[in-house]
Amino acid sequence: MADSNATDELNALASQGLAKLQTCIDEPSLRLWNTEYFGDTGSMKAALGKIGKIPPAERKAYGQDANRVKTALETAYTAALEIAKEASLQLSLTTDPLDVTLPGRPIAPGRLHPATQILRDIQAIFADLGFQVYRSREVETDEMNFELLNMPPHHPARDMWDTFFTTVPGQILRTHTSPGQIHLMREMAPNPIRAILPGMCYRNEAISTRSEIQFSQVEGIVIGEGVTMADLKGTLTAFARRMFGPDRQVRIRSSYFPFTEPSIEVDIDWPKEDPNRDRLTKGTGWLEILGAGMVHPTVMRNGGYDPDKVTGFAFGMGPQRMLMLKHAIDDIRLFWQNDLRFLRQF
Ligand code: FA5
């Protein structure tokens, strides 16, 4: 047993604490009580802090007594707090009763964003044509985005893609989905490939009605023995007919990309009845939806294939541009503005 004075003090602390706890009628007053006894400057804390000052012979007994009091107060507090919480819940149910006969509040059904819808449509069409889906990273190396696609540093064609650089040297936001071609080829070589690679791209260019700084692309790549330009044209025409209907016209123009040779671009005619046709198509009546071509032998080698044994084609299309065409939407910026009046139309 500890020194009688110190023990008396502990006993008094316990009985006063418990008595005071009885007078706390709700949660806030209980929390105040807790601070008074167990806060940094609380009485129980002070009693425990005294242990060091008790003569060594009595220290152990004092410590045991102090812990007993502490446990008793804590247990009583926890129980009182539970009761107070339950009581306040009961009170809120009686003062603010629920009318269970009222009809429920309707939950607005969610829907897919038009950009997701068209991606799914594109994937479904290519799935029917036997293409697999492959995902590739959005933060890329300069090497993948440019060099291995036949654009060494200072190659003038790099100007076609205004780039967002990161603070890490050599790491950029991909400007197109084409670096995915290299990743996929390196994974698959020397086996044949028939895949699409959907994903976000980023370009540091002026935002306009037709161009965003962030947009999605769907890359396509086919590699195998005897793949020809006729296969590319056939695939893209079949795709355009499925996507836009048999009446829409498809125009194929020759073009230039460092990673394909020869290269083409594909346009679709803009609906003639739309009064915005001239403005959106710069007076031509056509809107470009994709770039494509036969995989360049250098790119083929960089991907681990022998260009003397296999050939291939690749394409990169813009789903947001296609959405504009499908629904005669005159401003690409609407897709990322999250205006529900616009999104609910799809
Ligand atoms: C490319 O990005 C090439 N990588 C495409 C390619 C792949 C060619 C494989 C050959 C082989 P381009 O910059 O033209 O090409 O972009 C391709 C498509 O992405 C465009 O036709 C357009 O539909 C879409 N696109 C391009 N820039 C934007 C933009 N700022 N906003 C929205 N869509 C865009």
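Residues numbered from 1 in each chain as written. Predicted model: local features only at pLDDT ≥ 70, side-chain atom pairs only at ≥ 80, totals over all residues. Heavy atoms only, no water.

Another point: the overall build of the protein. Looking only at helices and strands, one finds 12 helices and 9 strands in the protein. Relative to the compact-globule value of 20 Å for 346 residues, the protein shows a C-alpha radius of gyration of 36 Å, a clear excess of over 25%. Across its three principal directions, the C-alpha atoms of the protein cover 105 × 60 × 35 Å. At a minimum sequence separation of 6, the contacts of the protein that also span at least 24 residues come to 69%. Within the structure as shown, the protein displays about 19,000 Å² of accessible surface, and the carbon and sulfur contribution to it stands at 54%. (Helix = DSSP H or I, 4+ residues; strand = E, 2+ residues; numbered from the N terminus. Rg over C-alpha atoms; globule rule 2.2 N^0.38 Å. Contact = heavy atoms within 4.5 Å. Areas by Shrake-Rupley, 256 points an atom, 1.4 Å probe, with all protein chains shown as cover.)

Another point: the sheet that holds strand E9 (residues 311–317). Ordered in space as E1-E4-E5-E9-E8-E7-E6, the 7 strands form an open sheet in which the pairing is mixed. With one partner strand each, in any of the chains shown, strand E1 (132–133) and strand E6 (250–257) form the two edges of the open sheet. Bridge count for E6 against strand E7 (residues 260–269) is 7 bridges, and the pairing is antiparallel. Counted as the bridge partner of Ile252 is Val266 from E7. Sitting on the sheet, helix H5 (residues 114–128) is in contact with E1, strand E4 (193–202), strand E5 (214–224) and E9, with an inclination near 165 degrees to E4. (Pairing = 2+ DSSP bridges. Axes fitted to C-alpha atoms, helices over the stretch in contact; angles between N-to-C directions.)

This part is about the pattern of salt bridges. For the structure shown, the criterion picks out 17 salt bridges. Close ionic contact of Lys50 with Glu9 constitutes a salt bridge, the shortest N to O distance being 2.3 Å. With Lys50 in the loop between helix H3 (43–49) and helix H4 (56–95) and Glu9 in helix H1 (residues 4–23), this pair connects stretches of sequence that are 41 residues apart. On the basis of relative accessible area, Lys50 is assigned to the partly exposed category, the value being 32%. On the basis of relative accessible area, Glu9 is assigned to the partly exposed category, the value being 44%. Between Asp267 and Arg251 there is a salt bridge, and its shortest N-O distance comes to 2.9 Å. (Salt bridge = Lys/Arg side-chain N within 4 Å of Asp/Glu carboxyl O. Buried < 20%, exposed > 50% of the residue type's maximum accessible area, 1.4 Å probe, protein only.)

By domain assignment, the protein separates into domain 1 (4–95) and domain 2 (114–343). Computed over C-alpha atoms, the centres of domain 1 and domain 2 are 70 Å apart. (Domains from an automatic or database assignment.)

This structure, assessed with the given rule, holds 12 aromatic pairs. Relative to Phe38, the ring of Trp33 lies with its centre 6.2 Å away and its plane at 55 degrees, an arrangement referred to as tilted. Accessibility expressed as a relative area gives 2% for Trp33, which makes it buried. Relative to Phe346, the ring of Phe342 has its centre 5.2 Å away and its plane inclined at 70 degrees; by these criteria the two rings are edge-to-face. (Phe/Tyr/Trp six-rings, centres within 6.5 Å; stacked < 30°, edge-to-face > 60°.)

Here we come to unusual backbone geometry. The linkage connecting Ala189 with the following residue, Pro190, adopts the cis geometry, with an omega of 5 degrees. For the bond from Glu261 to Pro262, the omega torsion is -5 degrees, close enough to zero to count as cis. Looking at the element boundaries, Pro262 is found in strand E7. Here Lys282, not a glycine, exhibits a phi torsion of approximately 50 degrees, which is positive. Inspection of the secondary structure puts Lys282 in the loop between helix H9 (277–280) and strand E8 (286–295). One non-glycine residue, Asn338, adopts positive backbone phi at about 60 degrees. Here Asn338 lies in the loop between helix H11 (319–327) and helix H12 (340–343). Accessibility expressed as a relative area gives 55% for Asn338, which makes it exposed.

Turning our eyes to something else, we now look at the site of the ligand. Residues in close proximity to the ligand total 27 residues, the closest being His176, Ser178, Glu205, Glu212 and Glu288. In this structure, a nitrogen atom belonging to the ligand sits 2.7 Å away from a side-chain N or O atom of Glu205. Between the ligand and the protein, one listed contact pairs an oxygen atom with a backbone N or O atom of Ile289 at 3.1 Å. Contact with the protein chains covers 96% of the free accessible surface of the ligand, which is 670 Å². Secondary structure elements with two or more residues in the shell around the ligand: E5, E7, E8 and E9. Class assignment for the residues of the shell around the ligand results in 10 nonpolar, 9 polar and 8 charged. (Near = heavy atom within 4 Å. Polar contact = N/O pair within 3.5 Å; in protein donor to acceptor, adjacent residues only side chain to side chain. Nonpolar A, V, L, I, M, F, W, Y, C, P; charged D, E, K, R; others polar.)

Let us now look at the packing of helix H2 (residues 27–38) against H4. At their nearest, the axes of H2 and H4 sit 10 Å apart, and the two run at 165 degrees to each other. Accordingly, the angle class assigned to the pair H2 and H4 is roughly antiparallel. In this structure, the crossing between H2 and H4 has a hand that is left-handed. Residues Glu27, Leu30, Arg31, Trp33, Asn34, Tyr37 and Phe38 of H2 form the contact with H4, whose own contacting residues are Lys70, Leu73, Glu74, Tyr77, Ala80, Leu81, Ala84 and Lys85. Classifying every residue of the contact of H2 with H4 gives 9 nonpolar, 1 polar and 5 charged. (Parallel < 35°, antiparallel > 145°, perpendicular 65-115°, else oblique. Left-handed = near helix turned anticlockwise from the far one by under 90°.)

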